[in-house]
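Architecture and fold: a report
So the chains spell out like this:
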Amino acid sequence: MSLFSDEQILELLKRSNPWWQGEHTLRELPPIHREAYREVLETVTAEDVRRFAVLSGARRVGKTTVLLQVARALLERGVPAENILYISFDDPILKLSGFAQVLETYRSYIPHTGVHYFLLDEVQYAEDWSLWVKRLYDSEPALRLAATGSASPSIEKGASDSGVGRWRVFRMPTLTFAEYCAVAGVEKLPQGVPALEELPAMERGAFGMLMMRLSSLQPHWNRYLVQGGFPELVHLQDTARAQQLLREDVVDKVLKRDVPALFDVRNSIFLEKIYLYLCLKSGNIINYAEMSKALGVTKPTLSRYIDYLRDANLIYISHSVLATGKKGLSAQPKIYIADAALRNASLALPNPFSDSADLGMVVETAVYKHFQNAYARSAKVGFLRTPGKGKEVDVAVDFFPHDKFILCEAKYRNDAELAPGDALPTLCREGRAAAAFVATKSANDFTIMPPFADSGTPIVKIPAFALCYLLNARYQ
């Protein structure tokens, strides 16, 4: 027996879908379109290949905004309002009602014909959602669907269980620096900038002019490192308030609600301790044995909980790009917090610029996230360690088959220098780098270094803010 009448559910659906009643609140949505919006809209409107879209990402990164922007775009393209259904399964009434009653209410009370669109928010909270969506895909050829969720594995497993070929899965990170500048309304953003891979071949004069064009972005970069890539916080000037919101709306809800509800978490205190430890060590190689001993957690529990944190989009796990198979992936990884501001908020660090070590971790975390966002769709992103003494390059992008890599070393200090024996010059000298970069601190610390050998690769020293902007500027 249902806990709610069809009329109660219909009223909720009307509030969630104001366009059914001719209201135009969607005009108030942000005008900035992120890459995830383009991917979802392209997928659900494609005429040649029918696919549903699944969008996974951390809390408060803007997944709901993407769905509503898709609804707005569909309305602007002439799709009848009644053919667009938005549902948030984070709503307690919809959770208790179940998918079947919600869909039956929509079909009974909102007449619609032809191609129609379901936009399902936080779908992992709908019981047996993947089975329902599989049936809908098979039984309703006129249906197009996009779903979002904060817990990647439950979303991606559900998509997999629903059958290969029905879904396209996208991951949505926090705002990149280029997106942050756009959302913040930075005036006169540089246009027509080259892709990062084009920099090594640039003439030094042209490269210098490019760095001058980008130098005005540095103050915004400093703010970005403190405030982070959460859209709702971009215009909030009170750092303490922003950090409180991140702890309450993102970290606490994920650690104390989402992860325990979706995974086998028997001790949420251990989960929080593990997360805070990783905040302290963001960007470092994690020794599971040492961490297990320090926290009083068994290694199997530690490993499982770290995977849960990754699956909940709170951390990245970076493996050696040369690692293969279970043995390789079980080697000690590097861990990065998903957004530098989460680390600042969780550790109550209102100003990471006050400590050079903290600042270095924050910047390396931001650089890694930008490489992930730029390349993870088509390549493996991790780190690379040289043989022998095992010197390490912070970020490596492997397009396969392990012959040449895009490499980046974060050296966030004034007048960053490289010694010939360092890992990055060594790999460039050996011809292992397709492109090589050093992320520096000062807006004036840039150059295209000549190769260390005739067959080597030039190394581009570039301010971290310029590197991160160029990594994702092509999406703006």
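These notes cover the structure that comes with them. All of these numbers come straight from a predicted model, not from anything done at the bench.

Thresholds, definitions, all that
Residues numbered from 1 in each chain as written. Predicted model: local features only at pLDDT ≥ 70, side-chain atom pairs only at ≥ 80, totals over all residues. Heavy atoms only, no water. Buried < 20%, exposed > 50% of the residue type's maximum accessible area, 1.4 Å probe, protein only. Helix = DSSP H or I, 4+ residues; strand = E, 2+ residues; numbered from the N terminus. Pairing = 2+ DSSP bridges. Axes fitted to C-alpha atoms, helices over the stretch in contact; angles between N-to-C directions. Contact = heavy atoms within 4.5 Å. Core = buried A, V, L, I, M, F, W, Y, C linked by side-chain atoms within 4.5 Å. Phe/Tyr/Trp six-rings, centres within 6.5 Å; stacked < 30°, edge-to-face > 60°. Lys NZ or Arg CZ within 6 Å of the ring centre and 35° of its normal. Salt bridge = Lys/Arg side-chain N within 4 Å of Asp/Glu carboxyl O. Parallel < 35°, antiparallel > 145°, perpendicular 65-115°, else oblique. Left-handed = near helix turned anticlockwise from the far one by under 90°. Nonpolar A, V, L, I, M, F, W, Y, C, P; charged D, E, K, R; others polar.

Moving on to the pairing of strand E3 (residues 116–121). Every other side chain in a regular strand lies on the same face of the sheet, so the side chains alternate between the two faces. Counting buried positions along E3 gives six out of six residues, so the element sits mostly inside the fold. Residues His116, Phe118 and Leu120 of E3 are buried on one face, and the alternating residues Tyr117, Leu119 and Asp121, pointing to the opposite face, are buried as well. The pairing of strand E2 (residues 84–88) with E3 spans five bridges and is parallel. Bridge pairing in E3 links serine 88 to aspartate 121. Relative to strand E4 (residues 143–149), E3 is paired through five bridges, and the arrangement is parallel. Considered in E4, the bridge of leucine 119 is made with alanine 146.

A positive phi angle, near 50°, is found at glutamate 122, a position not held by glycine. Within the chain, alanine 348 stands out as a residue other than glycine whose phi angle is a positive 55°. Here alanine 348 lies in the loop between helix H16 (340–346) and helix H17 (356–375).

Looking now at the sheet that holds strand E10 (residues 392–398). Note on sheets: strands pair through backbone hydrogen bonds, and any given pair is parallel or antiparallel. Strand order in the open sheet formed by six strands is E9-E10-E11-E12-E14-E13, and the pairing between neighbours is mixed. Looking along the sheet, the strands with just one partner apiece sit at the ends: strand E9 (380–385) and strand E13 (447–449). On average, adjacent strands in this sheet sit at an angle of 25° to one another, irrespective of strand direction. Bridge count for strand E12 (residues 433–440) against strand E14 (residues 459–463) is five bridges, and the pairing is parallel. The partner of alanine 439 across the bridge, within E14, is isoleucine 462. This element, H17, spans E9, E10, strand E11 (405–410) and E12 of the sheet and lies at about 10° to E10. Sitting on the sheet, helix H19 (residues 464–472) is in contact with E11, E12 and E14, with an inclination near 100° to E14.

Leu120, Ile274, Leu278 and Ile306 are the most contacted members of the largest nonpolar core, which totals 95 residues. No other element matches the eight residues that helix H11 (residues 239–262) contributes to this core. Those residues in contact with leucine 120 that sit more than four places away from it in its chain are Leu67, Ile87, Phe89, Phe99, Val133, Leu145, Ala146, Ala147 and Thr148. Residues Tyr180, Phe207, Ala374 and Ile448 belong to the second largest nonpolar core, which totals 56 residues.

With that settled, the discussion passes to the side chain of glutamate 122. Assignment of secondary structure puts glutamate 122 in the loop between E3 and helix H6 (129–139). Classification of glutamate 122 as buried rests on a relative accessible area of 9%. Among residues more than four places away in sequence, those in contact with glutamate 122 are Lys63, Phe89, Asp90, Thr148, Gly149 and Ser150.

Attention now moves to the packing of aromatic side chains. The tally for this structure, following the rule as stated, stands at 18 aromatic pairs. Ring geometry for phenylalanine 263 against tyrosine 308: centres 4.7 Å apart, planes inclined by 10°, an arrangement best described as stacked. Placement of the pair is phenylalanine 263 in the loop between H11 and helix H12 (268–280) and tyrosine 308 in helix H14 (residues 299–311), with a sequence separation of 45 residues. Comparing phenylalanine 263 with tyrosine 308 shows no difference in burial state: the two are buried. Over the face of the ring belonging to tyrosine 137 we find arginine 50, whose NZ or CZ atom lies 4.1 Å from the ring centre.

Right, let's get into the pattern of salt bridges. Within this structure, the stated rule accounts for 19 salt bridges. We note a salt bridge from arginine 107 to glutamate 140, for which the minimum N-O separation is 2.4 Å. A residue pair is termed long-range when its members are at least 10 positions apart, and arginine 107 in helix H5 (residues 99–109) and glutamate 140 in the loop between H6 and E4 qualify at 33 residues. On the accessibility criterion, arginine 107 (36% relative accessible area) is partly exposed. Where salt bridges share partners, they join Lys334, Glu364, Arg385, Glu392 and Asp394 into one cluster.

With their axes 11 Å apart at the nearest point, H12 and helix H13 (residues 288–295) run at an angle of 125° to one another. Considering their axes alone, H12 and H13 lie oblique with respect to each other. Crossing geometry of H12 relative to H13 is assigned as right-handed. For the pair H12 and H13, the contacting residues are Phe270, Lys273, Ile274, Tyr277 and Leu278 in the first and Met291, Ala294 and Leu295 in the second. Looking at the contact of H12 with H13 residue by residue, the classes come out as seven nonpolar, no polar and one charged.

This part is about the packing of helix H10 (residues 218–227) against H17. A pair of packed helices can be characterised by two numbers: the angle between their axes and the separation between those axes. Relative to each other, H10 and H17 sit at 95°, their axes nearing to 11 Å. Taken as axis vectors, H10 and H17 run roughly perpendicular relative to one another. Residue-level contacts link Trp221, Tyr224 and Leu225 of H10 to Leu359, Val362, Val363, Ala366, Lys369 and His370 of H17. Classifying every residue of the contact of H10 with H17 gives seven nonpolar, one polar and one charged.

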